[in-house]
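# Geometric and topological summary
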Amino acid sequence: PHPNPILTQRPTPQPTVRPSTLSTITYDDIEKDANDNTGWGSFQSRDGASDAVRMSTTGQQQYIHQDEAALRIRDDSGVDSSVFQYQDHDVREYSDLRVQCWYYPRNMGNSDGFVLEYSSDGGTSWNVTKDYRKGRDFENGEFYTSAVVFSSTGVNFQLTSRGRIRFRCDASIDTDWVYIDEVLVLM
């Protein structure tokens, strides 16, 4: 069994369902459509950052949870190893924020992982809200789903008018990869 079955679990064959009792801030399936011709949704990476890219199905299908694309982060080069929301979200009226996603780790070493971070100042500074580590939270070569809830009553955490999230790889080499798909942010 997985060491933390509440936050991380094996995938089910059903597509992700959005709970009707919570308000959706963003949902990004990382697919191109009429409303999003880039496929990045509300995410972006730093221009020219090869450690954070949108991957399509060409040779990558086994790492993509749904449809034809996912975000891929690798290595440990700070902002260049991250995907982040490019717009601020006003989340002041809420007490909790919930981030759900699917992820697929590949080639991660024993001390490797990735983090989910929150910014209350439009991306100037970031606070780690969840630290995912190989051996504790995941093993290579499997899909996982994660649901992280963080509260405005937490330490160094404020829900503001300039809220954003990002995923940042914290690994050791370019072939330590995490694919992220179907990111849902709720409050």
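This text gives an overview of the structure that appears in the document. What you see as residue numbers is a count from 1 along each chain, following the sequence as written. Per-residue local features are limited, in this predicted model, to residues with pLDDT of at least 70; the limit for side-chain atom pairs, both in listing and counting, is 80 or more; totals at the level of whole chains, interfaces and linings are taken over all residues. The side-chain numbers reported here are obtained from all heavy atoms of the structure, hydrogens and water having been left aside.

This paragraph deals with the overall build of the chain. For helices the rule is a DSSP run of H or I covering at least 4 residues; for strands it is a run of E covering at least 2, with both sets numbered from the N terminus onward. Along the chain, the regular secondary structure elements total zero helices and twelve strands. Mapped from its N terminus to its C terminus, the chain presents α and β elements in the order β-β-β-β-β-β-β-β-β-β-β-β. Accessibility here uses a 1.4 Å probe with only protein chains present; expressed as a share of the type maximum, an area under 20% marks a residue as buried, one over 50% as exposed, and anything in between as partly exposed. Buried residues in the chain amount to 48% of all 187 residues. Surface accessibility of the chain: about 9,000 Å² in total, with carbon and sulfur atoms responsible for 45%. Exposure was quantified through the Shrake-Rupley algorithm and a 1.4 Å probe, taking into account, for residues, occlusion by the shown protein chains and nothing else.

Here a ring pair, both rings aromatic, is described through the centre-centre distance and the interplanar angle of the planes. Two aromatic rings from Phe, Tyr or Trp, using only the six-membered ring of Trp, form a pair when their centres are within 6.5 Å; if the ring planes differ by under 30 degrees the pair is stacked, by over 60 it is edge-to-face, and anything between is tilted. Under the criterion given, the structure shown has 13 aromatic pairs. Both rings, one in Tyr103 and one in Phe114, keep their centres 5.0 Å apart while their planes meet at 65°; by these two values the pair is edge-to-face. A residue pair is termed long-range when its members are at least 10 positions apart, and Tyr103 in strand S7 (residues 96-106) and Phe114 in strand S8 (residues 113-119) qualify at eleven residues. There is no split in this pair, since Tyr103 and Phe114 are both buried. Both rings, one in Trp177 and one in Tyr179, keep their centres 6.5 Å apart while their planes meet at 80°; by these two values the pair is edge-to-face. Taken together, the ring pairs in this structure connect Tyr63, Tyr104, Phe143, Trp177 and Tyr179 into an aromatic cluster. Against the face of Tyr132 rests Lys130, its NZ or CZ located 5.2 Å from the ring centre. Geometrically, a charge over a ring is one whose NZ (Lys) or CZ (Arg) sits within 6 Å of the ring centre while staying within 35 degrees of the ring normal.

This next bit is on the pairing of strand S12 (residues 177-186). Among the ten residues that make up S12, ten are buried, leaving the element largely enclosed by the rest of the structure. The pairing of strand S2 (residues 24-28) with S12 spans four bridges and is antiparallel. By the bridge assignment, Thr24 is partnered in S12 with Leu186. Of the pairings in the sheet, the one linking strand S5 (residues 69-74) to S12 comprises four bridges and is antiparallel in character. Bridge pairing in S12 places Leu71 opposite Ile180. A pair of strands is considered paired only if DSSP assigns at least 2 bridges between the two.

Moving on to unusual backbone geometry. Glycine aside, the phi torsion of most residues is negative, and most peptide linkages are trans. In this structure, Ile30 is a non-glycine residue whose phi angle is positive, near 65°. Following the sequence through the fold, Ile30 ends up in the loop between S2 and strand S3 (43-44). On the basis of relative accessibility, which here comes to 1%, the residue Ile30 falls in the buried class. The phi dihedral of Asp67 falls on the positive side, at around 65°, and the residue is not glycine. Turning to its location among the elements, Asp67 is positioned in the loop between strand S4 (52-56) and S5. When its relative accessible area of 43% is taken as the criterion, Asp67 is described as partly exposed.

A carboxyl oxygen of Asp or Glu within 4 Å of a side-chain nitrogen of Lys or Arg is what we treat as a salt bridge. Here the structure, examined in full by the defined rule, presents 13 salt bridges. A salt bridge links Arg74 to Asp51; the nearest nitrogen and oxygen atoms lie 2.7 Å apart. Residue Arg74 is located in strand S5, and its partner Asp51 is located in the loop between S3 and S4; the two are separated by 23 residues in the primary sequence. Like Asp51, Arg74 is buried. Taking the shortest distance from any N to any O, the salt bridge between Asp170 and Arg133 comes out at 2.4 Å. Of this pair, Asp170 sits in strand S11 (residues 164-170) while Arg133 sits in strand S9 (residues 127-133), and the two are 37 residues apart along the sequence. Residue class for Asp170 comes out partly exposed when judged on its relative accessible area of 22%. Through salt bridges that share partners, Asp51, Arg74 and Asp174 make up one connected network.

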